[in-house]
Amino acid sequence: MNQSVKAETLGNYISLLILNQKMYTSGMISESLRNRISMEIQIDYQKNQKA
């Protein structure tokens, strides 16, 4: 059960990163905003891994 929850959580973070990239490539956000969002997603993921 715990491993399936971790896989689902990882999938959610990957989906956020993909959405972030698609928003950038479609011109909805700037490169600097894309980088900032990516960093926030990564920090949140790492924080949740330690919890």
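Heads up: the structure comes first, above all this text.
Source: prediction; values computed, not measured.

Peer 1: For the packing of aromatic side chains, give the residues involved together with the corresponding values.
Peer 2: Evaluated as defined, the whole model comprises one aromatic pair. Ring geometry for Tyr13 versus Tyr45: centroids 4.9 Å apart, planes at 75 degrees, classification edge-to-face. Taken together, the positions of Tyr13 in helix 1 (residues 2-25) and Tyr45 in helix 2 (residues 31-50) put the pair 32 residues apart, joining distant regions of the chain. For Tyr13, a relative accessible area of 10% translates into the label buried. Note on Tyr45: relative accessible area 25%, which makes it partly exposed. Geometry around Tyr24 places Arg34 over its ring, the cationic atom sitting 4.3 Å from the centre.

Rules behind the numbers
Residues numbered from 1 in each chain as written. Predicted model: local features only at pLDDT ≥ 70, side-chain atom pairs only at ≥ 80, totals over all residues. Heavy atoms only, no water. Phe/Tyr/Trp six-rings, centres within 6.5 Å; stacked < 30°, edge-to-face > 60°. Helix = DSSP H or I, 4+ residues; strand = E, 2+ residues; numbered from the N terminus. Buried < 20%, exposed > 50% of the residue type's maximum accessible area, 1.4 Å probe, protein only. Lys NZ or Arg CZ within 6 Å of the ring centre and 35° of its normal.

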